[in-house]
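Analysis of the macromolecular model
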Amino acid sequence: MSSGGTTGAPKLSWLPYDLGLERQCQEWNPLDASSVLLNLFNPGRLWGSHYYMQELARISRSVVLPTGPFEQSEIPNWIEIFLRAGVNTLAGNPTTLADFAESCLVHKLNLPITKIIWMAEPWTPQKLESIAMAFPETSLWGNYGAVETWVMGTSTPKCTPNVLHLLPEHIVECHDSGALISRKSNGWAIPLLRYNLGDRVVPSQCKCGRGRAIRVLGRIGDTVSLRSAIFRAEEILEIVRSVSGVSDAQIVLSGKTEKNTSASSITICFTTFYESRHAQLLGETVRRQLVTSFVHMASILTKYPDALHVKCVDNLIRVDRTNKTPMIIHR
Ligand SMILES: [Zn+2]
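Just so it is clear, the structure is predicted and the values come from calculations on it, not from any experiment. (Residues numbered from 1 in each chain as written. Predicted model: local features only at pLDDT ≥ 70, side-chain atom pairs only at ≥ 80, totals over all residues.)

Considerations on the overall build of the chain
If you tally the helices and strands in the chain, you get 8 helices and 19 strands. In summary, the chain has a C-alpha radius of gyration of 20 Å against a globular reference of 20 Å for 331 residues, a match within 12%. Its C-alpha atoms put the chain at 60 × 50 × 40 Å along the principal axes. Considering the chain as a whole, with its 331 residues, one finds that 38% of them fall into the buried category. Counted over contacts in the chain with a minimum sequence separation of 6, partners at least 24 positions apart contribute 64%. (Helix = DSSP H or I, 4+ residues; strand = E, 2+ residues; numbered from the N terminus. Rg over C-alpha atoms; globule rule 2.2 N^0.38 Å. Buried ≥ 20, exposed ≤ 12 C-beta atoms within 10 Å, placed from the backbone. Contact = placed C-beta atoms within 7 Å.)

Observations concerning the sheet that holds strand β16 (residues 262–263)
Ordered by their spatial adjacency, 3 strands build an open sheet running β14-β13-β16, and the pairing between neighbours is mixed. Across the chains shown, the open sheet's two edge strands, defined by having one partner strand only, are β14 (229–232) and β16. Judged from the 4 bridges that link them, strand β13 (residues 223–226) and β14 form a sheet pairing that is antiparallel. Looking across to β14, one finds that valine 224 is bridged to phenylalanine 231. (Pairing = 2+ DSSP bridges.)

A closer look at the packing of helix α6 (residues 233–241) against helix α7 (residues 279–293)
Running from amino to carboxyl end, α6 crosses α7 at an angle of 135 degrees, the nearest separation of the two axes being 9 Å. With respect to each other, α6 and α7 are oriented oblique. The hand of the α6/α7 crossing is right-handed. Seen from α6, the contacting residues are Ile236, Ile239 and Val240; seen from α7, they are Val286, Gln289, Leu290 and Ser293. In terms of residue class, the contact of α6 with α7 is made up of 5 nonpolar, 2 polar and no charged. (Axes fitted to C-alpha atoms, helices over the stretch in contact; angles between N-to-C directions. Parallel < 35°, antiparallel > 145°, perpendicular 65-115°, else oblique. Left-handed = near helix turned anticlockwise from the far one by under 90°. Nonpolar A, V, L, I, M, F, W, Y, C, P; charged D, E, K, R; others polar.)

Describing helix α2 (residues 48–59)
Given a rise of 1.5 Å per residue, 12 residues ought to cover 16 Å, and the 16 Å separating the end C-alpha atoms of α2 matches this to within 8%. All of the buried residues in α2 are Gly48, Ser49, His50, Tyr52, Met53, Leu56 and Ala57. Here the buried face of α2 lies against α1 (21–24), β1 (36–39), β2 (63–65), β3 (89–92) and β4 (115–118). Just downstream of α2, arginine 61 is the residue with a positive phi angle, here 60 degrees. (Expected span 1.5 Å × (residues − 1).)

Brief notes about unusual backbone geometry
A positive phi is found at tryptophan 150, a non-glycine position, where the angle reads about 65 degrees. You can see tryptophan 150 is positioned in strand β6 (residues 150–155). Positive phi outside glycine occurs at arginine 227, with the angle close to 50 degrees. Here arginine 227 shows up in the loop between β13 and β14. By the C-beta count within 10 Å, which is 20 here, arginine 227 ends up buried.

Comments concerning the sheet that holds strand β19 (residues 328–330)
Spatially, β18-β17-β15-β19 is the arrangement adopted by the 4 strands of the open sheet, whose pairing is mixed. With one partner strand each, in any of the chains shown, β18 (308–312) and β19 form the two edges of the open sheet. On average, adjacent strands in this sheet sit at an angle of 25 degrees to one another, irrespective of strand direction. The pairing of strand β17 (residues 265–272) with β18 spans 5 bridges and is parallel. Paired with phenylalanine 270 across the strands is cysteine 312, a residue of β18. Helix-sheet contacts for α6 involve β15 (246–254), β17 and β19, and the interaxial angle to β15 is about 140 degrees.

Concerning the nonpolar core
Counting 55 residues, the largest nonpolar core has Met53, Leu90, Leu97, Ala101 and Ile116 as its most contacted members. The contacts of leucine 97, once residues within four sequence positions are left out, are Leu40, Leu90, Gly92, Ile116, Trp118 and Ile131. Residues Val246, Ala249, Ala263 and Ile328 belong to the second largest nonpolar core, which totals 22 residues. (Core = buried A, V, L, I, M, F, W, Y, C linked by C-beta atoms within 7 Å.)

Below is the structure:
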């Protein structure tokens, strides 16, 4: 299997046929023989997620429709098949799942989805809201993993959104240069010894009350150096998303500099629930919020007024291959 190549060149991993799922399903098993799973992960290019869902369905004796993601306009043609097959479970990343939910809302289609299996990127409040509106009966089952390590953590419907629990026999050492993961083989997909995930992982609490809870804050490289001041991408985006009327946001970097995470100017692209005539006013609010939230931002803008742009867009930029919405886009 290979990584999706979301942020860099694909990496190759060797995995056993069962992908470690015989062992994993002893700990976390969302599917059963009554599940009819619509697998919205893209197949091909050795990308693991699609095949992982296929194997999970096989082990659970579920029915599975390995369709991959849909364009909004395709949904009405497919709904009859979904209903006749009895689709009651979805698998995908949050961007794809929220798209699917919004398509169902736009076309006024009711699918009786009771379970959603997600991974590969965190939920944003807007995406969770779309899911809750389209599928009010659903419960969320999460996975944390990478193609080099396979699945390391999971969550159940009782868990706090975006909090995951390390699987047994897994150890994570939190580290500034990226969390290190170790596990014995013991039926899991592959043995690991202090493998650097490149993720920023911190210990957490979960409302389910179980221990070994973690939160994945993002990739180690998800920082922006703007005129020598360092900003964390997720902090910037959390502030932008907290502005009333903003549905989601993304950082676009431009300007030729030595490191690709440093920039002479950044553009914050955001989407909104409001009508487009309110976009400019909302953009000004977002800009003001960023200036007041970061100590260095005001002084940077005094010296370099052009260093920060805020722009309302119809859609954020995605990676075609994986249909993920990265926090940072380089242009
Ligand atoms: Zn939990």
